[in-house]
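Listed below, chain by chain, are the residues.
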Amino acid sequence: MTAILRTAISDTFLVAAALMIVIGGCDRSAPPPSLPTPAAAKKAESPQSSSLNRRDNQRPGTAANRDATTETDPHAIPEARASASLPEPIHRPDDQRPKHDDRRLAEAGIRLYESKRLKLYTDIDAEAARTLPPLIDAVYLAWVEYFGDMPPDRAGSEFQMTGYLIRDEALFREAGLVPEDLPMFEHGRHRRNEFWMREQKYDYFRRHLLIHEATHCFMTFLPGVDAPVWYIEGMAEYFATHRLAPDGSVTFRIMPTSPEDFAGWGR
Ligand SMILES: [Zn+2]
C-alpha cells in the first residue's frame with residue numbers, strides 16, 4: 001500500500017514537474033518577439049561607448065591585465081611588443097573643409113548661415129535658409145542618441161559640416177564651391193563632412209534632403225561603419241523622415257503617414 005502511494009506521489013510529482021517545464025516554456029515564449037529599441041540597445045552596452053565606437057581589442061581592462069601580466073609573468077611579452085599592441089585612441093578623421101572668403105561670396109549672392117554643427121552656404125531666400133542650421137543641431141543629438149558619441153578629432157574641435165544649398169548652380173561653380181571632380185547629382189551628394197544639394201520646391205523636402213545628406217556626413221566620420229549602400233541610404237532616409245511641429249519642435253525617425261505631410265518626398 002505504502003509502495004503504491006509512494007509510486008502515485010512520485011508519478012504526480014513527475015507530471016507536475018513536466019507541466020511546469022511546459023508552462024515555463026510557454027511563459028518564456030509568451031511575449032511577442034521584439035527587437036531591442038536603439039535606446040535599450042545602447043543602455044545594454046557599456047555606458048561610455050557604443051559598438052560603433054569600440055574596437056574589439058579595446059575592451060575595458062585589457063590593457064590593465066596586460067600590464068599586470070608583464071610585471072609578474074617571467075614569460076611575459078617583452079615591453080616593446082606589449083606597448084606596440086596597446087590600443088590606439090580613436091579619433092575621427094581630420095577636418096579638411098576648405099576655408100571660404102565669406103564676404104566675397106556674400107557679394108556674389110551666396111550667404112553663410114551657421115550653427116554649431118552646420119555651415120550652410122546658399123543663394124535661397126534668407127527666411128527659409130536661416131531655419132536650416134538649427135535643424136542639423138537638433139538631428140545631431142538624435143544621431144548621438146542612436147549611434148553613440150562622435151569621437152574627438154586630433155585638433156580637439158567640434159564636429160561640424162559644410163553644406164551648399166544651390167539654386168543657381170552656375171553661381172556656385174563660378175565661386176569655386178563645387179569641386180570639378182564631384183560627380184553629377186540629381187538631388188544631393190556628400191563627401192566627407194561636406195555636402196551639396198539642389199534647392200527644392202517644397203519646404204518639407206528641402207529639410208528632408210538636408211538631413212539625409214548631413215546623416216551621410218555624420219556616418220562617414222563614425223568609426224567602424226562598413227555597411228552596404230542600402231543600409232547607409234536607409235539610415236539617411238530614416239533620420240530625414242521628420243515632423244516639424246507648429247511650435248518649431250522637430251521629431252526625427254517618424255513613420256510617414258499622409259503624403260501631404262511629406263511634400264516632394266515621392267522621388
Ligand atoms: Zn543618400
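Residues numbered from 1 in each chain as written. Predicted model: local features only at pLDDT ≥ 70, side-chain atom pairs only at ≥ 80, totals over all residues. Heavy atoms only, no water.

**Student:** Help me understand the pattern of salt bridges in this model?
**Tutor:** All told, the structure shown has 9 salt bridges when counted by the stated rule. Among the salt bridges present, the one from Glu-169 reaches Arg-198, with a minimum N-O distance of 2.9 Å. With a gap of 29 residues between them, Glu-169 in helix α8 (residues 169–174) and Arg-198 in strand β5 (residues 194–198) connect regions that are remote in the sequence. Residue classification places Arg-198 among the buried positions, given a relative accessible area of 19%. Through salt bridges with shared partners, a single network forms among Glu-169, Arg-173 and Arg-198. (Salt bridge = Lys/Arg side-chain N within 4 Å of Asp/Glu carboxyl O. Helix = DSSP H or I, 4+ residues; strand = E, 2+ residues; numbered from the N terminus. Buried < 20%, exposed > 50% of the residue type's maximum accessible area, 1.4 Å probe, protein only.)

**Student:** Would you mind going over the nonpolar core with me for this structure?
**Tutor:** Within soluble globular proteins, side chains that are nonpolar tend to cluster in buried spots. The biggest cluster of nonpolar side chains holds 38 residues, and the ones touching the most others in it are Ile-136, Trp-143, Leu-210 and Phe-218. Contributions of two or more residues to this core are made by β2 (118–122), α7 (132–147), β3 (161–166), β5, α9 (203–221) and α10 (229–240). In terms of residue count, α9 provides more of this core than any other element does, 10 residues in total. Those residues in contact with Trp-143 that sit more than four places away from it in its chain are Ile-136, Gly-148, Met-161, Ile-211, Ala-214, Thr-215, Phe-218 and Phe-239. (Core = buried A, V, L, I, M, F, W, Y, C linked by side-chain atoms within 4.5 Å. Contact = heavy atoms within 4.5 Å.)

**Student:** What is the right way to read the packing of α7 against α9 from this model?
**Tutor:** Interaxial distance between α7 and α9 falls to 10 Å at its minimum, and their mutual angle equals 45 degrees. Judged by the angle between their axes, α7 and α9 are oblique. Note that α7 runs across α9; the crossing there is right-handed. Contact residues: Leu-132, Leu-135, Ile-136, Val-139, Tyr-140, Trp-143, Val-144 and Phe-147 in α7; Arg-206, Arg-207, Leu-210, Ile-211, Ala-214, Thr-215, Phe-218 and Met-219 in α9. Looking at the contact of α7 with α9 residue by residue, the class counts come to 13 nonpolar, 1 polar and 2 charged. (Axes fitted to C-alpha atoms, helices over the stretch in contact; angles between N-to-C directions. Parallel < 35°, antiparallel > 145°, perpendicular 65-115°, else oblique. Left-handed = near helix turned anticlockwise from the far one by under 90°. Nonpolar A, V, L, I, M, F, W, Y, C, P; charged D, E, K, R; others polar.)

**Student:** Would you explain α7 in this entry?
**Tutor:** Each α-helix turn comprises 3.6 residues. Residues three or four places apart therefore point the same way. The end-to-end C-alpha separation of α7 is 22 Å, in line with the 22 Å expected for 16 residues at 1.5 Å each. Burial in α7 covers these residues: Leu-132, Pro-133, Leu-135, Ile-136, Val-139, Tyr-140, Ala-142, Trp-143, Val-144 and Phe-147. Of the residues trailing α7, Gly-148 is marked for its positive phi of about 105 degrees. (Expected span 1.5 Å × (residues − 1).)

**Student:** Honestly, the coordination of the zinc ion in this entry has me stumped. Any pointers?
**Tutor:** Each pair of donors in an ideal four-coordinate tetrahedral metal site encloses 109.5 degrees, whereas pairs in an ideal six-coordinate octahedral site enclose 90 or 180 degrees. Every protein donor of the zinc ion is accounted for by His-212 (NE2), His-216 (NE2), Glu-233 (OE) and Glu-233 (OE), and the metal-donor separations fall at 2.1 to 2.7 Å. Between consecutive donors of the zinc ion, the numbers of intervening residues give the motif H-x3-H-x16-E. Residue His-212 and its partner His-216 are both found in helix α9; the two are separated by 4 residues, about one turn of the helix. Judged by relative accessible area, which is 4%, His-212 ranks as buried. Residue His-216 is classed as buried on the basis of its relative accessible area of 4%. (Donors = N, O, S within 2.8 Å, 3.2 Å for Na, K, Ca; no water.)

**Student:** Whenever I open this one, the packing of aromatic side chains confuses me. Can you help?
**Tutor:** Ring pairs (aromatic) are described by centroid distance and by the angle formed between their planes. Tallied over the full model, the rule gives 17 aromatic pairs. With 6.0 Å between their ring centres and 90 degrees between their planes, Phe-159 and Phe-218 make a pair best called edge-to-face. Of the two residues, Phe-159 sits in the loop between α7 and β3 while Phe-218 sits in helix α9, which places them 59 residues apart along the sequence. The exposure classification of Phe-159 matches that of Phe-218, with both residues buried. An aromatic cluster of at least three residues, connected via ring pairs, comprises Tyr-140, Trp-143, Tyr-146, Phe-147, Phe-159, Phe-218, Phe-221, Tyr-238 and Phe-239. One residue, Arg-117, lies across the ring of Tyr-140, its end atom 3.7 Å from the ring centre. For the cation-ring pair, Arg-198 lies above Phe-185, with the distance from its terminal atom to the ring centre recorded as 4.5 Å. (Phe/Tyr/Trp six-rings, centres within 6.5 Å; stacked < 30°, edge-to-face > 60°. Lys NZ or Arg CZ within 6 Å of the ring centre and 35° of its normal.)

**Student:** Just checking my understanding: could you explain the packing of α9 against α10 for this structure?
**Tutor:** The description of two packed helices rests on the angle between their axes and on the distance between the axes. One way to put it is that α9 packs onto α10 with a least axis distance of 8 Å and a crossing angle of 135 degrees. The orientation of α9 relative to α10 falls into the category oblique. Relative to α10, α9 is oriented so that their crossing is right-handed. Across the interface between the two elements, Tyr-204, His-208, Ile-211, His-212, Thr-215, His-216 and Met-219 from α9 touch Tyr-231, Ile-232, Glu-233, Met-235, Ala-236, Glu-237, Phe-239 and Ala-240 from α10. Considering only residue class, the contact of α9 with α10 consists of 9 nonpolar, 4 polar and 2 charged.

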